[in-house]
Amino acid sequence: MRARDLMTAPVLTVHPWTSAKEAAELLSTHRFTALPVVDADDELVGIVTEADLIRGRIPADPRTTHEPRESAAGTTVGDLMTSPATAMSSGTDVADLCQALVDARIRAMPIVDGAAVVGIVTRGDVVRVLAREDTDIARDVRHRLEVYGGGGRWHVDVHDGFAHITDQFDDDTDRHVARLLALAVPGVVAADTAYAGEEQTR
């Protein structure tokens, strides 16, 4: 899978001069975790997250004793955002994108074409793909295989995202392509193939 297969597009963006209040309203209303920040030319300059918006912005309850803490001085997205923001292209392998999310401990990755934001992928987007029903995954795998090699040739079983494909014909090249096609289906975590004749003789 590529980032374009998962990303939310078009993506909601804000500007550095957007107020922190408005950004919080957008995140709350749309249940987003982050918003890409763009300049006047709509080019990516940063990202503002839930963590950025809550950090130091909630005053301590005066009825309790707290250690003195600094409050966030900024009132605009530009004051609070992370800049520069990490971004990836729409053709990025989702496996690489997921690794970047984990390694950087971030929850959202802006997707860009050059410097223009074209989408966003969040951890939640990936988790939703992993949670797809096996029957839906199998249907999509079967469809791709039928487009490639015709109907009635392939038998597809999917269990917990693992796809097993049985080919009626004994063709190593076609089975290799079938595996690659299956791996490109959202929700497939692994795939293998076998020749039906070999399985019947076992």
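To be clear, the structure that these remarks concern was listed above.
Just so it is clear, the structure is predicted and the values come from calculations on it, not from any experiment. (Residues numbered from 1 in each chain as written. Predicted model: local features only at pLDDT ≥ 70, side-chain atom pairs only at ≥ 80, totals over all residues. Heavy atoms only, no water.)

Q: Would you mind going over the pattern of salt bridges with me for this structure?
A: Pairing between side chains of opposite charge can happen when the charged atoms of each approach one another. Enumeration according to the criterion identifies ten salt bridges in this entry. Here Arg128 ties to Asp125 by a salt bridge, and the two come within 2.6 Å at their closest N and O atoms. With Arg128 and Asp125 both in helix H6 (residues 123-130), this residue pair falls three residues apart, about one helical turn. For Asp125, a relative accessible area of 10% gives the class buried. Measuring nitrogen to oxygen at the nearest pair gives 3.3 Å for the salt bridge that ties Arg175 to Asp170. Here the salt bridges do not stand alone but share partners, grouping Arg132, Asp136, Arg139 and Asp140 into one network. (Salt bridge = Lys/Arg side-chain N within 4 Å of Asp/Glu carboxyl O. Helix = DSSP H or I, 4+ residues; strand = E, 2+ residues; numbered from the N terminus. Buried < 20%, exposed > 50% of the residue type's maximum accessible area, 1.4 Å probe, protein only.)

Q: Explain the pairing of strand E5 (residues 116-122) to me, please; I cannot follow it from the model alone.
A: The element E5 is largely enclosed, with a buried count of five among its seven residues. In this antiparallel pair of consecutive strands, strand E4 (residues 108-113) and E5, the connection spans two residues, and Gly114 shows a positive phi of 75°. (Pairing = 2+ DSSP bridges.)

Q: Teacher, can you tell me more about the sheet that holds strand E3 (residues 88-89) here?
A: Backbone-to-backbone hydrogen bonds join strands into a sheet, with any given pair of strands oriented parallel or antiparallel. Read from one edge of the open sheet, three strands run E3-E4-E5, paired in mixed fashion. Here the strands that pair on one side only, and so sit at the sheet edges, are E3 and E5. Inspection of the sheet shows E3 paired to E4 by two bridges, in the parallel sense. Note on E4: the bridge partner recorded for Ser89 is Val112.

Worth remembering: the numbers are spatial, not functional.
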